[in-house]
Amino acid sequence: MWQAGLMAAYSIKKLRQEDRVQCIQYALDRPGVLTVLPGIRGKEDLKELLKYVDATPEEKDYSIIGEFAPADVTGKCVYCNHCMPCPMNLDIGLINKYYDLSLAGDNLAKDHYMNLDKTAKDCISCGHCNSRCQFSVDQMSRMKVIKEYFGK
Ligand code: SF4
Ligand code: SF4
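Here the structure is a predicted model, which means the values were calculated and not measured. (Residues numbered from 1 in each chain as written. Chains lettered and ligands numbered in written order. Predicted model: local features only at pLDDT ≥ 70, side-chain atom pairs only at ≥ 80, totals over all residues. Heavy atoms only, no water.)

Another aspect to go through is the overall build of the protein. When helices and strands are tallied, the protein shows 8 helices and 0 strands. Secondary structure elements of the protein, listed N to C terminal, follow the sequence α-α-α-α-α-α-α-α. Every one of the 152 residues in the protein was classed for burial, and the buried ones make up 38%. Long-range pairs, those at least 24 residues apart, make up 64% of the contacts in the protein with a sequence separation of at least 6. Summed over all atoms, the accessible surface of the protein reaches about 9100 Å², with 55% contributed by carbon and sulfur. (Helix = DSSP H or I, 4+ residues; strand = E, 2+ residues; numbered from the N terminus. Buried < 20%, exposed > 50% of the residue type's maximum accessible area, 1.4 Å probe, protein only. Contact = heavy atoms within 4.5 Å. Areas by Shrake-Rupley, 256 points an atom, 1.4 Å probe, with all protein chains shown as cover.)

Set out below in structure tokens:
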């Protein structure tokens, strides 16, 4: 599944002719993905891919995908953290990722969530994330749902 995701991301980026760093980050952020192994044709491809190692958070920001995301992705968090920073220092992408993984039956995700310094209960509903999200996620409401689900 991750391979399909990466290929989809690559094909999107091909259309945009932009850096593959964002595609790798996108694939790594999918639930359940631990490793990404892109195919390479030679040294030049490898050099291009290794840019990921030293890339800044801004260079890894793939939220631009939201500009041409299909309708069925609209409103769904893809953990890109483009809505950051949060004034309460919530890691919005990670909180959403643990929530989705837990819903999918991953018990470890719940443990990880419980160990976070800041959780959905710390959200003050300031609306900053809603105004920044290019995927039209109502994150303020989602934080309330996540708090209810985990109890914190
Ligand atoms: S709420 Fe939007 S911007 Fe924030 S992590 Fe989710 S998809 Fe990205
Ligand atoms: S609404 Fe909540 S999660 Fe979003 S930026 Fe404000 S405090 Fe952070």
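So much for the structure itself; the text now carries on.
Quick look at helix α3 (residues 43–54) now. The end-to-end C-alpha distance of α3, which contains 12 residues, comes to 18 Å, matching closely the 16 Å that a straight helix rising 1.5 Å per residue would cover. Among the residues of α3, those classed as buried are D45, L49 and Y52. Viewed along the axis of α3, the buried residues span an arc of 20 degrees, placing them on a single side of the element. Exposed side chains of α3 directed beyond 90 degrees from the buried face belong to K43, E44, V53 and D54. (Expected span 1.5 Å × (residues − 1). Arc of directions from axis to C-beta.)

Overall, the prediction assigns the protein a mean pLDDT of 83, with 82% of residues at 70 or greater. Note that pLDDT drops below 50 for residues 1–17; the model gives that stretch 27 contacts with residues more than four away or on any other chain. (pLDDT = per-residue confidence, 0-100.)

Moving on to the layout of surface pockets. By volume, the second largest pocket is sized at about 310 Å³. Lining the second largest pocket are 16 residues; nearest its centre among them are P57, K60, D61, C80 and N81. Residue assignment for the lining of the second largest pocket shows that the elements contributing at least two residues are α4 (57–60) and α5 (92–103). Taken together, the residues of the lining of the second largest pocket break down into 5 nonpolar, 4 polar and 7 charged. (1 Å grid on protein atoms, 1.4 Å probe; cavity = no way out; pocket = protein on both sides within 12 Å on 5 of 7 lines; lining within 4 Å. Points joined across faces, edges and corners; volume = space filled by probe spheres on them. Nonpolar A, V, L, I, M, F, W, Y, C, P; charged D, E, K, R; others polar.)

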